Amino acid sequence: MKFQHEVIFCIVNTGFSDAVMDSAKKFGARGGTVIRARGTANPEAEKLFGITIQPEKEMVMILVPSELKDNILHALYNDVGLNTAGAGIAFSLPVDNVLGVGGNEPAKS
Amino acid sequence: MEDNEKKAPATTEVKSKVARATGKTAREPKKAELEPGKSQRAPRKRAEPKPPKVDLMITVVNREKAEFYSDYLQEYEVNMQFIVQAHGTASEEILNYLGMTATDKAVIFGIIRQDKVKEAFSGLSDKFTTIKRGAGISFTVPLTSAIGVAIYRFMINQTQGGRL
């Protein structure tokens, strides 16, 4: 099944949602929605992987056409990935019905 | 006793001769045929309808309209919803251009049956375009698994009925 749109979720430390949007907009994203969230991680796992989890998070949700997805995910990995201060992770989900993006007609992917 | 033992191979021979002549192998009698009083055919199972598939529906609207859209989605059997407060990422320039000031948003997560999506989107499309400050976006993500029959029934709005 081919999907025309994908939704990208990017979870970053608080304060980095602007950096996420800047990266995404470079590759054609038009807007996003930021949700405040709280991260949970096993302290042992933190020690094992040598990272510290800041509990306050922001979850940025960006709806994009499928052809833009790969470039945006790569940009997010480089700009706000786990090796940066944003300590972000990003993933995408296929979206099979979209309304309100572009035209007003419901689009079936 | 001796007679019976002698007759047995003869019967087998006859059977095999018949099979050779007709080209068919002799069929072993089924257990049901041997037991008198029992019907020979096993009752055919009636095909049960498949449980409906569901999608996760995500709707982003202005915060002041969240309650309205939540109630509206209820009409399309979106029983399980939760509303999360969020904010948009539109820049100042775009906001000024559109004549908007606030970026406060609400995200409504809900579970909708796939056969209701078209109908719901048609209704939402009308609301997005006709209501003042009621514009928004909505999309669905297919769910692949769910666990718990009671919850699943609640999600598909099936309170009574057959097995799942």
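Residues numbered from 1 in each chain as written. Chains lettered and ligands numbered in written order. Predicted model: local features only at pLDDT ≥ 70, side-chain atom pairs only at ≥ 80, totals over all residues. Heavy atoms only, no water.

## Re helix H5 (residues 114-130) of chain B
Step number 1: An ideal rise of 1.5 Å per residue puts 24 Å on 17 residues; H5(B) measures up with 25 Å between its terminal C-alpha atoms.
Step number 2: Within H5(B), burial applies to Lys116(B), Val117(B), Ala120(B), Phe121(B), Gly123(B), Leu124(B), Ser125(B) and Phe128(B).
Step number 3: Buried residues in H5(B) make contact with strand S5 (97-99) of chain A together with strand S1 (54-62), helix H3 (66-74), strand S3 (104-113) and strand S4 (136-142) of chain B. (Helix = DSSP H or I, 4+ residues; strand = E, 2+ residues; numbered from the N terminus. Expected span 1.5 Å × (residues − 1). Buried < 20%, exposed > 50% of the residue type's maximum accessible area, 1.4 Å probe, protein only. Contact = heavy atoms within 4.5 Å.)

## Side note on the pairing of S4(B)
Step number 1: Counting buried positions along S4(B) yields five of seven residues, so the element is predominantly enclosed.
Step number 2: Bridging between S5(A) and S4(B) involves three bridges; their strand directions are antiparallel. Each bridged residue has a counterpart across the sheet, and for Val98(A) the counterpart in S4(B) is Phe139(B).
Step number 3: Two strands pair when backbone bridges link them, and S1(B) and S4(B) are joined in this way by seven bridges, in the antiparallel orientation. If you follow Ile58(B) over to S4(B), its bridge partner there is Phe139(B). (Pairing = 2+ DSSP bridges.)

## Looking at the interface of chain B and chain A
Step number 1: With 24 residues of chain B at the interface, the matching set in chain A holds 22 residues.
Step number 2: Summed over both partners, the interface of chain B with chain A buries about 1900 Å², with 67% contributed by carbon and sulfur atoms.
Step number 3: Summed over the three residues of chain B that lose the most area to chain A, namely His87(B), Thr89(B) and Phe139(B), the buried surface amounts to 30% of that side.
Step number 4: Where chain B touches chain A, the interface holds zero salt bridges. (Buried area = accessible area lost by both parts, 1.4 Å probe. Salt bridge = Lys/Arg side-chain N within 4 Å of Asp/Glu carboxyl O.)

## A look at the packing of helix H1 (residues 17-26) of chain A against helix H3 (residues 66-80) of chain A
Residues and elements named next belong to chain A.
Step number 1: The N-to-C vectors of H1 and H3 enclose an angle of 140 degrees; their axes lie 9 Å apart at closest approach. Judged by the twist between their axes, the crossing of H1 over H3 is right-handed. Residues Ala-19, Val-20, Ser-23, Ala-24 and Lys-26 of H1 lie in contact with H3, whose contacting residues are Ile-72, Ala-75, Leu-76, Asp-79 and Val-80.
Step number 2: Residues that form the contact of H1 with H3 fall into these classes: seven nonpolar, one polar and two charged. (Axes fitted to C-alpha atoms, helices over the stretch in contact; angles between N-to-C directions. Left-handed = near helix turned anticlockwise from the far one by under 90°. Nonpolar A, V, L, I, M, F, W, Y, C, P; charged D, E, K, R; others polar.)

## Some remarks on unusual backbone geometry
Residue and element names in this part refer to chain B.
Step number 1: Unlike most non-glycine residues, Glu-77 shows phi in positive territory, near 60 degrees.
Step number 2: Structurally, the position occupied by Glu-77 is in the loop between H3 and strand S2 (81-88).
Step number 3: The phi angle at Asn-157 is positive, at roughly 60 degrees, despite the residue not being glycine.
Step number 4: Among the secondary structure elements, Asn-157 is positioned in the segment after helix H6 (149-155).
Step number 5: For Asn-157, a relative accessible area of 33% gives the class partly exposed.

## Here's the deal with the packing of aromatic side chains
All names here are of chain B.
Step number 1: Summed over the entire model, instances satisfying the criterion amount to six aromatic pairs over all chains.
Step number 2: Consider the rings of Phe-68 and Tyr-69, whose centres lie 5.1 Å apart with planes at 75 degrees: the pair is edge-to-face.
Step number 3: Take Tyr-69: its relative accessible area is 0%, and that puts it in the buried class.
Step number 4: Seen in terms of ring centroids, Phe-82 and Phe-109 are 5.1 Å apart; in terms of plane orientation they differ by 15 degrees. Their pairing is stacked. Of this pair, Phe-82 sits in strand S2 while Phe-109 is found in strand S3, placing the two residues 27 residues apart along the sequence.
Step number 5: Among the aromatic residues, ring-to-ring pairing joins Phe-68, Tyr-69, Tyr-72, Tyr-76 and Phe-128 into one connected group. (Phe/Tyr/Trp six-rings, centres within 6.5 Å; stacked < 30°, edge-to-face > 60°.)

## Quick notes on the nonpolar core
Step number 1: Formed by 16 residues in total, the largest nonpolar core has its most connected members in Val7(A), Ile35(A), Met61(A), Val95(A), Ile58(B), Val107(B) and Phe139(B).
Step number 2: The set of elements that each furnish at least two residues to this core consists of strand S1 (5-13) and strand S3 (56-65) of chain A together with S1, S2, S3 and S4 of chain B.
Step number 3: The element best represented in this core is S3(A), accounting for three residues.
Step number 4: Formed by 15 residues, the second largest nonpolar core is a distinct cluster that contains Val61(B), Phe121(B), Leu124(B) and Phe128(B). (Core = buried A, V, L, I, M, F, W, Y, C linked by side-chain atoms within 4.5 Å.)

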